[in-house]
Amino acid sequence: MKYTLDKIADLLNLEDFSEVYSEADRIRKENVGDIVHIRAILEFSNYCRRKCKYCGLNCTNKNIKRYRMSSEEIISAAYEAAENGYKTIVLQSGEDAYYTPKILGEIVKNIKKSGIDITLSTGEMDYDSYAYLKECGADRYLLKHETAEESLYDYLHPCGTLEERIQCLKNIKKLGYETGGGFMIGLPNQTSETLAKDIMLLREIGCDMAGIGTFISHPSTALKDCPQGSTEITKRAVALTRIVMPEINLPATTSLGVIDIKEKNDVFSCGANVIMQKVTPSKYKFLYEIYPSKLSETDVKLQRINLENQIKSLNRIPL
Ligand code: SF4
């Protein structure tokens, strides 16, 4: 079947989506198998220079306590993750100029000695900075485009343009990173056509992974009164992305996990093959609030074991 924008938009609105879910699950099994990749995520700074309207970390929010982890703390947390079985660590922060490419590069070089793969998720940079961090050993880069609808993008992001975002993603791809994009479900004025554009943009860029998350409003943001996105549409978007891009890595994103662990299980059965587990030390974790979530104290070892057991109970293979 040829998947056009119109076709994807129509499928998103189907009354009974069960056949599409089955197809997505079949394609997932055929192309990426039964393995579920567990990625550690370390949120090392909640400072951000940007003003994204949906995000609790945006620089206009004066209601949060800001923190930065030192290089030593970041490296030590990454080693702890590696020692507890994680094969990849995602180093994530707001766009925080304190961590220059030089500082980040040294962190990456040190962590690479542990043997763990590194995904960076530190926002927009110029081409040379991305190139330098790749040379230092970063394997993957995650930069969600959030919405492919230009007018919506402009409304949500006073500090940047969709064109700049897409250029960053193209640069990341060109440099040989495994490239991660992604978007949100349930943004104000979003339509099925918008979501179809989001999926097609992932394909146009050639993304190797995509985080598709449900919008959850943060009380200290401009979107505080907007309703939460639909988990059902989120799952549908995950399934259609799997069908359109059979080999892509698709996390069961944390915003779904916030809502209901059972929902997360559903996402595994409709196309997802990755899960993120926070390894951010507890004293910082509760301050990294892009959207409100129920979090427990970090116990790297125990949480890894529990997640492996949950994945096994779904007849999938944790890695
Ligand atoms: S979404 Fe990212 S870039 Fe935007 S304000 Fe939040 S942390 Fe900063």
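Residues numbered from 1 in each chain as written. Predicted model: local features only at pLDDT ≥ 70, side-chain atom pairs only at ≥ 80, totals over all residues.

Participant: For this particular structure, what's the right way to read the packing of helix α8 (residues 192-205) against helix α9 (residues 231-244)?
Facilitator: Two measures define how a pair of helices packs: the angle their axes make with one another and the distance between the axes. At a minimum axis distance of 10 Å, the contact between α8 and α9 shows a crossing angle of 35°. α8 and α9 meet at a crossing whose hand is right-handed. Contacts between α8 and α9 involve L195, I199, L202 and R203 from the former and A237, L240, T241 and V244 from the latter. (Axes fitted to C-alpha atoms, helices over the stretch in contact; angles between N-to-C directions. Helix = DSSP H or I, 4+ residues; strand = E, 2+ residues; numbered from the N terminus. Left-handed = near helix turned anticlockwise from the far one by under 90°. Contact = placed C-beta atoms within 7 Å.)

Participant: How should I be thinking about the confidence of the model for the chain in this particular structure?
Facilitator: Regions with low pLDDT carry predicted coordinates that are not meant to be interpreted in detail. Across the chain, the average pLDDT comes to 92, with 95% of residues at 70 or higher. Considering only residues more than four positions removed or in separate chains, one finds that residues 256-260, a stretch of pLDDT under 50, has 13 contacts. (pLDDT = per-residue confidence, 0-100.)

Participant: Sorry if this is basic, but what is going on with the site of the ligand here?
Facilitator: Every residue close to the ligand is listed here: C48, R50, C52, C55, L57, N58, G94, E95, G123 and I290. A class-by-class count of the residues in the shell around the ligand yields 5 nonpolar, 3 polar and 2 charged. (Near = placed C-beta within 6 Å. Nonpolar A, V, L, I, M, F, W, Y, C, P; charged D, E, K, R; others polar.)

Participant: What am I meant to see in unusual backbone geometry here?
Facilitator: The bulk of non-glycine residues show a negative phi, and the bulk of peptide bonds are trans. Residue E146 is not a glycine yet carries a positive backbone phi of 70°. Within the secondary structure layout, E146 lies in the loop between β4 (140-142) and α6 (150-156). The phi angle at N315 is positive, at roughly 60°, despite the residue not being glycine. For N315, a count of 9 C-beta atoms within 10 Å corresponds to the exposed category. (Buried ≥ 20, exposed ≤ 12 C-beta atoms within 10 Å, placed from the backbone.)

Participant: Explain the nonpolar core here, please?
Facilitator: Most often, soluble globular proteins have nonpolar side chains that are buried together. Core analysis: the largest hydrophobic core is formed by 81 residues, its most contacted members being L42 and I89. For this core, the element with the highest residue contribution is strand β1 (residues 35-45), accounting for 6 residues. Contacts of I89, omitting those with residues within four sequence positions, involve A40, L42, A78, A81, I111, I116 and I118. (Core = buried A, V, L, I, M, F, W, Y, C linked by C-beta atoms within 7 Å.)

Participant: Hey, could you run me through the packing of helix α1 (residues 5-12) against α9 in this one?
Facilitator: Direction vectors running N to C along α1 and α9 enclose 140°, while the axes themselves pass 10 Å from each other. With respect to α9, the axis of α1 lies oblique. Here α1 and α9 pass one another in a crossing that is right-handed. Contact residues: I8, L11 and L12 in α1; I233, R236 and L240 in α9. Taken together, the residues that form the contact of α1 with α9 break down as 5 nonpolar, no polar and 1 charged. (Parallel < 35°, antiparallel > 145°, perpendicular 65-115°, else oblique.)

Participant: Please clarify how the environment of L143 should be interpreted in this entry.
Facilitator: The residue L143 is located in the loop between β4 and α6 in this model. Sequence separation between L143 and D128 is 15 residues, and the spatial gap between their C-alpha atoms is 16 Å. Contact partners of L143, with chain neighbours within four places excluded, come to C168, L169, I172, G180 and G181.

Participant: Just to check I follow, could you spell out α9 for this structure?
Facilitator: Each α-helix turn comprises 3.6 residues. Residues three or four places apart therefore point the same way. For α9, which comprises 14 residues, the first-to-last C-alpha distance of 20 Å matches the rise-based estimate of 20 Å (1.5 Å per residue) to within 8%. Among the 14 residues in α9, 10 count as buried, and that is most of the element. Buried within α9 are the following residues: T234, K235, R236, A237, V238, A239, L240, T241, R242 and I243. (Expected span 1.5 Å × (residues − 1).)

Participant: Would you take a moment to explain the pairing of strand β5 (residues 178-185) for this structure?
Facilitator: One face of the sheet, then the other: side chains in a regular strand alternate in exactly this way. Burial within β5 is extensive, with 7 of its 8 residues counted as buried. Examined bridge by bridge, β4 and β5 share 3 bridges and lie parallel to one another. Bridge pairing in β5 links L142 to G180. For β5 and strand β6 (residues 209-214), the ladder comprises 6 bridges, and the chain directions are parallel. Across the sheet, F183 pairs through a bridge with I212, a residue of β6. (Pairing = 2+ DSSP bridges.)

Participant: Sorry, what's going on with the environment of R316 here?
Facilitator: In this fold, R316 is placed in the loop between α13 (300-313) and β9 (317-318). Judged by the 19 C-beta atoms lying within 10 Å of it, R316 is partly exposed. Each C-alpha atom of the pair R316 and M200 lies 28 Å from the other, and the pair is 116 residues apart in sequence. Non-local contacts of R316, meaning those with residues more than four positions away in its chain, are made with D34, V36, F268 and I311.

Participant: What is the right way to read the pairing of strand β3 (residues 117-121) from this model?
Facilitator: Sheet topology places strand β2 (residues 88-93) next to β3; 5 bridges connect them, and they run parallel. The partner of L91 across the bridge, within β3, is L120. At this point the chain moves from β2, through helix α4 (residues 101-112), to the parallel β3, and the crossover so formed is right-handed. Note: β3 against β4, 2 bridges, orientation parallel. (Right-handed = clockwise from strand over helix to strand, strands pointing away.)

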